[in-house]
Amino acid sequence: NLIKSMARNNLWANHRLHRAVAALDPEAYRAPRTSFFPSLHLTLVHIAFVDLYYVGALTALFQGGEGQATDAPALWAERERWEHDRGFPDVTQTQRAVDRRLLSFVAELSGDADLDVPVRLPRRDHVQSERRGDVLLHLLQHQIHHRGQVHAMLSGTAVKPPQLDDFFLADDLPMRQDELHELGLPLYA
(Lines give C-alpha, C1' and ligand atoms only; values in the text may rest on other atoms or scores of the structure.)
Protein backbone atom coordinates (compact mmCIF):
# COMPACT_ATOMS: atom_id res chain seq x y z
CA ASN A 1 0.00 0.00 0.00
CA LEU A 2 1.23 3.47 -0.89
CA ILE A 3 0.80 4.89 2.63
CA LYS A 4 2.99 2.12 4.06
CA SER A 5 5.66 2.77 1.44
CA MET A 6 5.54 6.49 2.21
CA ALA A 7 5.90 5.82 5.94
CA ARG A 8 8.98 3.67 5.25
CA ASN A 9 10.37 6.39 3.02
CA ASN A 10 9.70 8.91 5.78
CA LEU A 11 11.74 6.91 8.29
CA TRP A 12 14.56 6.39 5.80
CA ALA A 13 14.67 10.05 4.66
CA ASN A 14 14.73 11.31 8.26
CA HIS A 15 17.51 8.84 9.06
CA ARG A 16 19.58 10.03 6.10
CA LEU A 17 18.92 13.70 6.85
CA HIS A 18 19.73 13.35 10.56
CA ARG A 19 22.95 11.50 9.71
CA ALA A 20 24.05 14.49 7.62
CA VAL A 21 23.07 17.04 10.28
CA ALA A 22 25.01 15.02 12.89
CA ALA A 23 28.23 15.99 11.10
CA LEU A 24 27.72 19.64 12.12
CA ASP A 25 29.18 21.08 15.28
CA PRO A 26 26.66 22.44 17.82
CA GLU A 27 27.24 26.05 16.78
CA ALA A 28 26.56 25.35 13.10
CA TYR A 29 23.52 23.28 14.07
CA ARG A 30 21.98 26.19 16.01
CA ALA A 31 23.25 29.01 13.77
CA PRO A 32 20.64 31.41 12.36
CA ARG A 33 19.67 30.51 8.81
CA THR A 34 17.18 31.66 6.22
CA SER A 35 14.05 29.55 6.48
CA PHE A 36 10.57 29.57 8.00
CA PHE A 37 12.07 28.27 11.27
CA PRO A 38 15.36 30.16 11.36
CA SER A 39 17.77 27.34 12.28
CA LEU A 40 18.29 23.66 11.67
CA HIS A 41 17.50 22.99 15.32
CA LEU A 42 14.20 24.89 15.31
CA THR A 43 13.10 23.20 12.08
CA LEU A 44 13.94 19.70 13.30
CA VAL A 45 12.21 20.33 16.64
CA HIS A 46 9.14 21.53 14.73
CA ILE A 47 9.11 18.39 12.58
CA ALA A 48 9.45 16.08 15.58
CA PHE A 49 6.73 17.74 17.65
CA VAL A 50 4.23 18.03 14.82
CA ASP A 51 4.83 14.32 14.23
CA LEU A 52 4.24 13.62 17.93
CA TYR A 53 0.96 15.55 17.73
CA TYR A 54 -0.40 13.82 14.62
CA VAL A 55 0.90 10.34 15.39
CA GLY A 56 -0.55 10.74 18.89
CA ALA A 57 -3.93 11.58 17.37
CA LEU A 58 -3.71 8.71 14.90
CA THR A 59 -2.78 6.11 17.50
CA ALA A 60 -5.04 7.19 20.39
CA LEU A 61 -8.19 5.14 20.00
CA PHE A 62 -11.10 5.36 22.39
CA GLN A 63 -14.87 4.84 22.36
CA GLY A 64 -16.35 4.98 18.90
CA GLY A 65 -13.01 4.28 17.21
CA GLU A 66 -11.95 7.92 17.05
CA GLY A 67 -8.46 9.07 17.95
CA GLN A 68 -7.54 12.32 19.63
CA ALA A 69 -4.11 13.70 20.45
CA THR A 70 -3.44 13.76 24.17
CA ASP A 71 -2.88 17.06 25.95
CA ALA A 72 -1.89 19.21 22.98
CA PRO A 73 -1.16 22.35 25.08
CA ALA A 74 1.36 20.40 27.17
CA LEU A 75 2.96 19.06 23.99
CA TRP A 76 3.40 22.56 22.53
CA ALA A 77 4.81 23.85 25.83
CA GLU A 78 7.30 20.99 25.80
CA ARG A 79 8.26 21.89 22.23
CA GLU A 80 9.09 25.42 23.36
CA ARG A 81 11.36 24.03 26.09
CA TRP A 82 13.09 21.81 23.54
CA GLU A 83 13.72 24.81 21.29
CA HIS A 84 15.92 26.26 24.05
CA ASP A 85 17.10 23.41 26.26
CA ARG A 86 17.50 20.27 24.18
CA GLY A 87 20.06 19.36 21.57
CA PHE A 88 20.38 17.39 18.39
CA PRO A 89 20.74 13.94 20.02
CA ASP A 90 17.39 14.42 21.79
CA VAL A 91 15.71 15.54 18.57
CA THR A 92 17.12 12.59 16.64
CA GLN A 93 16.05 10.06 19.27
CA THR A 94 12.54 11.53 19.40
CA GLN A 95 12.23 11.65 15.61
CA ARG A 96 13.38 8.06 15.23
CA ALA A 97 10.90 6.90 17.88
CA VAL A 98 7.93 8.74 16.38
CA ASP A 99 8.85 7.53 12.89
CA ARG A 100 8.84 3.95 14.22
CA ARG A 101 5.44 4.55 15.87
CA LEU A 102 4.07 5.82 12.56
CA LEU A 103 5.50 2.84 10.70
CA SER A 104 3.98 0.40 13.22
CA PHE A 105 0.66 2.18 13.00
CA VAL A 106 0.40 2.08 9.21
CA ALA A 107 1.53 -1.56 9.17
CA GLU A 108 -1.68 -2.40 11.06
CA LEU A 109 -3.95 -0.68 8.53
CA SER A 110 -5.79 -3.33 6.54
CA GLY A 111 -7.65 -1.41 3.87
CA ASP A 112 -9.45 1.68 2.70
CA ALA A 113 -12.04 1.45 5.49
CA ASP A 114 -9.22 1.97 8.02
CA LEU A 115 -8.36 5.23 6.25
CA ASP A 116 -11.93 6.52 6.69
CA VAL A 117 -11.85 6.35 10.51
CA PRO A 118 -12.24 9.85 12.02
CA VAL A 119 -9.34 11.38 13.93
CA ARG A 120 -9.91 14.19 16.41
CA LEU A 121 -7.35 17.00 16.38
CA PRO A 122 -7.59 19.41 19.31
CA ARG A 123 -6.99 22.98 18.15
CA ARG A 124 -6.88 26.15 20.23
CA ASP A 125 -10.58 26.90 19.86
CA HIS A 126 -12.16 23.64 18.65
CA VAL A 127 -11.66 19.96 17.98
CA GLN A 128 -11.17 19.26 14.30
CA SER A 129 -12.34 15.92 12.91
CA GLU A 130 -10.60 14.55 9.82
CA ARG A 131 -10.34 11.24 7.96
CA ARG A 132 -7.37 9.14 9.08
CA GLY A 133 -6.10 8.84 5.48
CA ASP A 134 -6.14 12.61 5.05
CA VAL A 135 -4.25 13.11 8.32
CA LEU A 136 -1.63 10.59 7.19
CA LEU A 137 -1.17 12.34 3.85
CA HIS A 138 -0.97 15.72 5.58
CA LEU A 139 1.63 14.42 8.04
CA LEU A 140 3.79 12.86 5.32
CA GLN A 141 3.59 15.97 3.14
CA HIS A 142 4.48 18.13 6.16
CA GLN A 143 7.60 16.02 6.63
CA ILE A 144 8.63 16.35 2.99
CA HIS A 145 8.11 20.12 3.08
CA HIS A 146 10.24 20.72 6.15
CA ARG A 147 12.92 18.17 5.24
CA GLY A 148 13.35 20.25 2.09
CA GLN A 149 13.96 23.31 4.24
CA VAL A 150 16.58 21.44 6.31
CA HIS A 151 18.16 20.23 3.09
CA ALA A 152 18.37 23.81 1.78
CA MET A 153 19.84 25.07 5.08
CA LEU A 154 22.49 22.36 4.95
CA SER A 155 23.59 23.85 1.62
CA GLY A 156 24.88 26.81 3.61
CA THR A 157 27.14 24.63 5.75
CA ALA A 158 30.25 22.53 5.20
CA VAL A 159 28.05 19.39 5.12
CA LYS A 160 26.79 18.21 1.76
CA PRO A 161 22.99 17.80 1.81
CA PRO A 162 22.06 14.14 1.36
CA GLN A 163 20.14 12.73 -1.58
CA LEU A 164 16.58 12.23 -0.31
CA ASP A 165 14.61 11.33 -3.42
CA ASP A 166 16.02 7.91 -4.34
CA PHE A 167 13.78 5.55 -2.41
CA PHE A 168 11.10 4.15 -4.70
CA LEU A 169 12.88 3.31 -7.95
CA ALA A 170 14.48 -0.13 -8.20
CA ASP A 171 17.49 1.27 -10.06
CA ASP A 172 18.24 3.49 -7.04
CA LEU A 173 18.45 0.54 -4.63
CA PRO A 174 22.28 0.48 -4.43
CA MET A 175 22.24 4.05 -3.06
CA ARG A 176 20.01 3.13 -0.12
CA GLN A 177 20.36 -0.62 0.41
CA ASP A 178 22.75 -0.46 3.39
CA GLU A 179 20.59 2.12 5.16
CA LEU A 180 17.43 0.10 4.59
CA HIS A 181 19.14 -2.96 6.10
CA GLU A 182 20.33 -0.84 9.03
CA LEU A 183 16.77 0.36 9.67
CA GLY A 184 15.24 -3.09 9.21
CA LEU A 185 13.17 -1.92 6.25
CA PRO A 186 12.34 -4.05 3.20
CA LEU A 187 14.45 -3.45 0.11
CA TYR A 188 11.40 -3.05 -2.09
CA ALA A 189 8.18 -1.20 -1.44
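Here's what I pulled together on the structure shown here. (Residues numbered from 1 in each chain as written. Predicted model: local features only at pLDDT ≥ 70, side-chain atom pairs only at ≥ 80, totals over all residues. Heavy atoms only, no water.)

1. Description of the overall build of the protein
Along the protein, the regular secondary structure elements total eight helices and three strands. Listing each helix as α and each strand as β along the protein from the N terminus yields α-α-α-β-α-α-α-β-β-α-α. Based on the C-alpha atoms only, the size of the protein along its principal axes is roughly 50 × 40 × 20 Å. The buried share among the 189 residues of the protein stands at 48%. Accessible area of the protein: about 9,700 Å², with a carbon and sulfur share of 54%. Considering the protein, the positive charge centre built from 20 side chains and the negative charge centre built from 25 side chains are found 1 Å apart. (Helix = DSSP H or I, 4+ residues; strand = E, 2+ residues; numbered from the N terminus. Buried < 20%, exposed > 50% of the residue type's maximum accessible area, 1.4 Å probe, protein only. Areas by Shrake-Rupley, 256 points an atom, 1.4 Å probe, with all protein chains shown as cover. Lys, Arg positive; Asp, Glu negative; His and termini not counted. Charge placed at Lys NZ, Arg CZ, Asp CG, Glu CD.)

2. Quick look at the pattern of salt bridges
If you walk through the whole model with that rule in mind, you get seven salt bridges. The shortest N-O distance in the salt bridge between R19 and E182 comes to 2.7 Å. Highlighted residues: R19 in helix α1 (residues 2-21) and E182 in helix α8 (residues 173-183), separated in sequence by 163 residues. Note on E182: relative accessible area 48%, which makes it partly exposed. (Salt bridge = Lys/Arg side-chain N within 4 Å of Asp/Glu carboxyl O.)

3. A closer look at α8
Burial in α8 covers these residues: L173, R176, E179, L180 and L183. Down the axis of α8, the buried set is contained in an arc of 140 degrees. They therefore lie on one face. With respect to the buried face of α8, the exposed residues turned more than 90 degrees away are P174, D178 and H181. Looking at the buried residues of α8, the elements they touch are α1 and α5 (88-107). Of the residues trailing α8, G184 is marked for its positive phi of about 75 degrees. (Arc of directions from axis to C-beta. Contact = heavy atoms within 4.5 Å.)

4. Thoughts on the side chain of H46
Along the polypeptide, H46 turns up in helix α3 (residues 40-59). Separated by 2.9 Å, the side chains of H46 and H142 make a polar contact. Each residue touching H46, except ones within four places of it in the same chain, is listed here: F37, H142 and H146. (Polar contact = N/O pair within 3.5 Å; in protein donor to acceptor, adjacent residues only side chain to side chain.)

5. Some remarks on helix α4 (residues 72-85)
The first and last C-alpha atoms of α4 sit 20 Å apart over 14 residues, in line with the 20 Å expected at 1.5 Å per residue. Taken together, the buried positions of α4 are occupied by A72, L75, R79 and W82. Looking straight down α4, one finds its buried side chains confined to an arc of 70 degrees; they lie on one side. Structural note: α4 exposes P73, H84 and D85 on the side pointing more than 90 degrees away from its buried face. (Expected span 1.5 Å × (residues − 1).)

6. What to know about the environment of L102
Mapped onto the fold, L102 is located in helix α5. Given a relative accessible area of 3%, L102 falls into the buried group. Separated by 94 residues in sequence, L102 and R8 place their C-alpha atoms 9.1 Å apart. In this structure L102 touches A7, N10, V55, L136, L139 and L140, once residues within four positions along its chain are discounted.

By themselves, these observations are geometric and do not establish any function.
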